[in-house]
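# Coordinate inspection notes
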Amino acid sequence: MATLTITQVRQRRPRARTLSAIVANSLFISRLPTELFLLILEHAILQCKPKDVALVSQAFRRGIDVILYRTVVIDSLKTLQLFHRTIQSKKPSFFADHVKNIVVIDHDIAPHSYFSDILAACSGTRSLVIPSSSTRPGNLWAKNYTKDHGSITRPPATMGLLDALTHVRFCEPADIWCSPTAMVEALGALPNLSHLNFARRINANQANDKMFVRSISDVLVSRPILKMLVVSIFPEAFATDNHASIRDSEIWGQMCELRCADQRLVVVQGRYDEWKEGWNDPQAIRSGWYPRDFWLRSIQNATYD
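Quick caveat: nothing in here was measured; it's all calculated off a predicted structure. (Residues numbered from 1 in each chain as written. Predicted model: local features only at pLDDT ≥ 70, side-chain atom pairs only at ≥ 80, totals over all residues. Heavy atoms only, no water.)

## What to know about the nonpolar core
Definition in use: Nine residue types can take part in a nonpolar core, namely buried Ala, Val, Leu, Ile, Met, Phe, Trp, Tyr and Cys, and a core is a set of them joined through side-chain atoms within 4.5 Å. A 1.4 Å probe rolled over the protein chains alone gives each residue an accessible area, and that area as a share of the maximum for its type sets the label: buried under 20%, exposed over 50%, partly exposed in between. Only runs of H or I of at least four residues qualify as helices and only runs of E of at least two qualify as strands under DSSP, and these elements are numbered from the N terminus. In this description, contact between two residues means that some pair of their heavy atoms is separated by no more than 4.5 Å.
Core analysis: the largest hydrophobic core is formed by 52 residues, its most contacted members being Phe115, Leu196, Ile216, Leu229 and Met255. Counting residues per element, this core draws most heavily on helix H10 (residues 206-222), which supplies 6 residues. With near-sequence residues (within four places) excluded, Met255 lies in contact with Phe212, Val213, Ile216, Val231, Ile233, Leu265 and Val267. Of all hydrophobic cores here, the second largest spans 11 residues; its members include Leu41, Ala44, Cys48 and Ile64.

Take a look at the structure:
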């Protein structure tokens, strides 16, 4: 018991001293260069509640808003509902200016109508990460069907607001066939798109494999400013070994062959749920920490022998 009491005191005292120091030096701190000012706030909210730091001054409140809203992680329907309520409580320009990254963890989020509202409000988003494995876009965007592309989505007027997007990840294979071309078009023109990630499962429908390869080629040709397109090849859904026979699969060979024609294509082995790692610590994310860079890791892990 004595040990617990001492531990509790040690947790409280630095927090009080930290907030007192911030208040005492608030005028000086708020006049620092923006990057340094935000860095100080990031460290401050590791020991203090963000709402307490925001009360110091208007400059601090604005800085805390930048930190809290720059990356939005939606990990449940409850989180979706709460954030949807939040976007209705502020001016439309607030989220367009502040939200830069949206990460969807729950597979049931993307088809929800609230998610469409969130994307429309967060029009300044630069990076979008969605599961894709259970995503059925029919409830999010108007849909029709064609033989080659499967579920084709027609982007509504709000999707034009996503032109700021530069990085998009469809992290896992979808439950229903939808071509990469259609998946991108569902988000709009995306004129600034520079990094893109799709997923495909081995030993799937061979006809769809061919259309997948053709669609990836079309995306590369039609987007000259695209710097990197990562295709993650996943094992069969019920495989016991996540990497068994992936490199021997037909789709792996087809993707590697396509890469010979365009070095922007990067082919990697996928592992289910790996993309979720690191997004479950809101305090760390608010304080400037992010999971290991997927794009850099893909380049490092790519092998074609």
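## Quick look at the pattern of salt bridges
Keep this limit in mind: Here, a salt bridge means any side-chain nitrogen of Lys or Arg that lies within 4 Å of a carboxyl oxygen of Asp or Glu.
Scanning the model with the defined rule gives 7 salt bridges in all. Its salt-bridge partner being Arg271, residue Glu277 comes within 3.1 Å of it at the nearest N-O pair. Among the salt bridges present, the one from Lys276 reaches Asp273, with a minimum N-O distance of 3.3 Å. Under the relative-accessibility criterion, Lys276 is labelled partly exposed at 25%.

## A few points about the packing of aromatic side chains
We apply this condition: Between rings of Phe, Tyr and Trp, where Trp is taken as its six-membered ring, a pair exists when centres lie within 6.5 Å; planes separated by under 30 degrees are stacked, by over 60 edge-to-face, and by other angles tilted. Definition used: whenever NZ (Lys) or CZ (Arg) falls within 6 Å of the ring centre and also within 35 degrees of the ring normal, the charge is taken to sit over that ring.
Enumeration according to the criterion identifies 7 aromatic pairs in this entry. Pairing Phe94 with Phe95 gives two aromatic rings, centres 5.0 Å apart and planes at 80°, and the pair type is edge-to-face. Judged by relative accessible area, which is 13%, Phe94 ranks as buried. You can call Phe95 buried: its relative accessible area is 0%. Summarising the aromatic geometry, the rings of Phe170 and Phe198 are spaced 5.6 Å apart at their centres and angled 0° between planes, so their arrangement reads as stacked. Of the two residues, Phe170 sits in strand E6 (residues 167-170) while Phe198 sits in strand E7 (residues 195-201), which places them 28 residues apart along the sequence. Neither residue differs from the other here; Phe170 and Phe198 are each classed as buried. Within the aromatic cluster, the residues linked to one another by ring pairs are Tyr69, Phe83, Phe94 and Phe95. Lying across the ring of Phe94, Lys90 places its NZ or CZ 4.7 Å from the centre.

## Thoughts on the side chain of Arg259
Note the cut-off: Residues scored as positive are Lys and Arg, those scored as negative are Asp and Glu, and His as well as the terminal groups of each chain are ignored. Any pair of N or O atoms that falls within 3.5 Å is considered a polar contact. Within protein, one atom must be able to donate a hydrogen and the other to accept it, and sequence-neighbouring residues count only if both atoms are side-chain atoms.
Examined against the element boundaries, Arg259 turns out to sit in helix H11 (residues 250-261). Buried charge without a partner: Arg259 forms no salt bridge, and the closest opposite charge is Asp262, 8.3 Å away. A polar contact is formed between the side chain of Arg259 and the backbone oxygen of Leu265, at a distance of 2.8 Å.

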